[in-house]
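# Structure assessment
For reference, the chains in residue letters:
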Amino acid sequence: MPVMNTKELEKIQLMALVGGDVIEKSDAIVCLEGDGYNRLDWTIKLFQEGLADKIVVSGGYNNPPFSIPAEKMAERLIKRGIPPERIILEKKSQQTREQAVEIMKLVKEKNWKKIILVASHFHQARAYLTFLKAMEDAKSKVYIFNAPVKNMPWFKKTNVGLTRFQLLIKEFKKIGDYIKKDHLVSIKKAIEYQKFKEEKHETK
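So, here's what we can say about the structure.

About the thresholds
- Residues numbered from 1 in each chain as written.
- Predicted model: local features only at pLDDT ≥ 70, side-chain atom pairs only at ≥ 80, totals over all residues.
- Heavy atoms only, no water.
- Helix = DSSP H or I, 4+ residues; strand = E, 2+ residues; numbered from the N terminus.
- Expected span 1.5 Å × (residues − 1).
- Buried < 20%, exposed > 50% of the residue type's maximum accessible area, 1.4 Å probe, protein only.
- Arc of directions from axis to C-beta.
- 1 Å grid on protein atoms, 1.4 Å probe; cavity = no way out; pocket = protein on both sides within 12 Å on 5 of 7 lines; lining within 4 Å.
- Points joined across faces, edges and corners; volume = space filled by probe spheres on them.
- Nonpolar A, V, L, I, M, F, W, Y, C, P; charged D, E, K, R; others polar.
- Core = buried A, V, L, I, M, F, W, Y, C linked by side-chain atoms within 4.5 Å.
- Contact = heavy atoms within 4.5 Å.

### Concerning helix H7 (residues 187-200)
Look at H7: 20 Å from first C-alpha to last across 14 residues, which is about the 20 Å you get at 1.5 Å a residue. Every buried residue of H7 is listed here: Ile187, Ala190, Tyr193, Gln194 and Lys197. Here the buried residues of H7 occupy an arc of 115° about the axis, which is enough to place them on one side. Opposite the packed face of H7, turned more than 90 degrees from it, sit the exposed residues Lys188, Lys195, Glu199 and Lys200.

### Considerations on the layout of surface pockets
Quantified by volume, the largest pocket comes out at close to 580 Å³. Surrounding the largest pocket, 28 residues form its lining, Thr96, His123, Arg126, Glu171 and Lys174 being those nearest its centre. Elements with a contribution of two residues or more to the lining of the largest pocket: helix H4 (96-110), helix H5 (124-138) and helix H6 (164-180). For the lining of the largest pocket, the element with the most residues is H6, which contributes five residues. Across the lining of the largest pocket, the residue classes tally to eight nonpolar, 13 polar and seven charged. In this structure, the second largest pocket occupies an estimated 260 Å³ of space. Forming the walls of the second largest pocket are Lys7, Glu10, Lys11, Phe172, Ile175, Gly176, Ile179, Lys180, Ser186, Ile187 and Lys188. For the lining of the second largest pocket, the elements supplying multiple residues, two or more each, are helix H1 (6-19), H6 and H7.

### Side note on the nonpolar core
Counting 62 residues, the largest nonpolar core has Val57 and Ile144 as its most contacted members. With eight residues, H5 is the single largest residue contributor to this core. Those residues in contact with Val57 that sit more than four places away from it in its chain are Cys31, Leu40, Ala70, Met73, Ala74, Leu77, Ile87, Ile88, Leu89 and Glu90.

Keep in mind these values describe shape, not function.
Dropping the structure here:
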């Protein structure tokens, strides 16, 4: 019987951890643009559950209907009844790494201690690794909780012509490439951070 190597096991562990994180009430919910309005609608649900007082919509890449920039996402939030004073726009970034860098600037400026990170299930793992790297580079100390969008199909084509399962495969290739470029923390380091986070908060 073939034995799973360490890297394969770490990928499975990472997906399990980000998909089943224990979320705590935080300073802000950070919604990363992409996957249409699915992430935004999930963010609204989390906000309405009282998990944060602020929503950050992050991303300036304008390529609808898949990538919808922050201003347009904010318009939808307001139409859905979110008070404008609860919304923060981050519209400079064009990709995940830039989003992470810009959000860490906000973390320092606002003195936030906890944030909830919302991406799609196929993108959450890379987003988490990217945000941990940006946190490390900025010498910030913030707890990042993963809240990937639930109940989205893996094998139905998205607006970019690929299924989310196909996008997941591309994500893991990007993870390997970007770790080599020092744009992400290692999966091992992310797992260690997750363990530290849960121990620090004495998760039940």
